[in-house]
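The primary structure of each chain is shown beneath.
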Amino acid sequence: EYKCRGGDTFAWELVTEVLTEGAAIMSDGSSLMQGAEFQHILRILNTNVEGKRNVVFAMTKIGGIGRRFSDLICKKAEVDVNKRAGELTADEIEKIVAVIQNPRQFKIPLWFLNRQKDFKTGKYSQVFAQNIAASLRDDVERMKKIRAHRGLRHWWNVRVRGQHTCSTGRRRH
């Protein structure tokens, strides 16, 4: 027998569900949220995605995808935004990946993309996962090569975006 806050006593066997850590646990040990097909960690675009989190917020773990873009992806892929990421089916994950890789085919506007008018190709695209680090590195190298002001500031390892440097940032890191 256990005692509640109100002073009532009850037998543990009589309890049908108890909320612990956001999931409803049944008396037989199964969970309402986590069925047999629930995945705790998903692998999407070479990134581990937490299954316990909401789909919209779980997708933000993928580099280059923020909250607004993630919400738009879920709507275009016709995935319920209230679902947990671990509840997604294989078909829903494939739809999400298709929308991320080809956003223009799903009528996502140009201004929503994070790589607008690429320097080399002149195209608009969404850069994600490992490609985002490579494109950033290429941009900085290009600025250094053409001796642009921003490139020189990167080269000298000083603040680039106009911050004050007289009294702050003396430790380098």
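Quantities reported herein were computed from a predicted structural model and do not represent experimental measurements.

## Here's the deal with the pairing of strand S5 (residues 41–44)
Part 1: In S5, alternate side chains face the same way, and those of Leu42 and Ile44 are buried while those of Ile41 and Arg43 on the opposite face are not.
Part 2: Between the end of S5 and the start of strand S6 (residues 47–50), which pair antiparallel, lie two residues, with Leu45 showing a positive phi angle near 50°.

## Some details on the confidence of the model for the protein
Part 1: This prediction gives the protein a mean pLDDT of 83; 79% of its residues lie at or above 70.
Part 2: Every residue in residues 11–22 scores below 50 in pLDDT, and together they form 15 contacts with partners more than four places removed in sequence or on other chains.
Part 3: Below pLDDT 50 for its whole length, residues 26–30 participates in seven contacts with residues either more than four positions away or in separate chains.

## Topic: the packing of aromatic side chains
Part 1: According to the stated counting rule, one finds two aromatic pairs in the structure shown.
Part 2: Pairing Phe69 with Phe112 gives two aromatic rings, centres 6.0 Å apart and planes at 35°, and the pair type is tilted. Of the two residues, Phe69 is situated in helix H2 (residues 67–76) and Phe112 in the loop between helix H3 (90–101) and helix H4 (131–145); the sequence distance between them amounts to 43 residues. Summarising the burial analysis for this pair, Phe69 and Phe112 share the class buried.
Part 3: Aromatic side chains Trp111 and Phe112 sit 5.1 Å apart centroid to centroid with 45° between the ring planes, which places their arrangement in the tilted category.
Part 4: Judged by its relative accessible area of 59%, Trp111 is exposed.
Part 5: Taking relative accessible area as the criterion, Phe112 reaches 17% and is therefore assigned buried.
Part 6: Within the aromatic cluster, the residues linked to one another by ring pairs are Phe69, Trp111 and Phe112.

## Things to note about the layout of surface pockets
Rolled over the atoms, a probe as big as a water molecule pinpoints where empty space is left.
Part 1: Space inside the largest pocket adds up to approximately 290 Å³.
Part 2: Surrounding the largest pocket, 13 residues form its lining, His154, Val158, Arg159, Val160 and Arg161 being those nearest its centre.
Part 3: Those elements that place two or more of their residues in the lining of the largest pocket are H4 and helix H5 (149–156).

## Regarding unusual backbone geometry
Part 1: Its identity as a non-glycine residue notwithstanding, Ala129 has a phi of 55°, on the positive side.
Part 2: Mapped onto the fold, Ala129 is located in the loop between H3 and H4.
Part 3: The exposure class assigned to Ala129 is buried, which follows from its relative accessible area of 15%.
Part 4: With a phi angle near 60°, Arg147 is a residue other than glycine that sits in the positive phi range.
Part 5: Topologically, Arg147 is positioned in the loop between H4 and H5.

Thresholds, definitions, all that
- Residues numbered from 1 in each chain as written.
- Predicted model: local features only at pLDDT ≥ 70, side-chain atom pairs only at ≥ 80, totals over all residues.
- Heavy atoms only, no water.
- Buried < 20%, exposed > 50% of the residue type's maximum accessible area, 1.4 Å probe, protein only.
- Helix = DSSP H or I, 4+ residues; strand = E, 2+ residues; numbered from the N terminus.
- Pairing = 2+ DSSP bridges.
- pLDDT = per-residue confidence, 0-100.
- Contact = heavy atoms within 4.5 Å.
- Phe/Tyr/Trp six-rings, centres within 6.5 Å; stacked < 30°, edge-to-face > 60°.
- 1 Å grid on protein atoms, 1.4 Å probe; cavity = no way out; pocket = protein on both sides within 12 Å on 5 of 7 lines; lining within 4 Å.
- Points joined across faces, edges and corners; volume = space filled by probe spheres on them.

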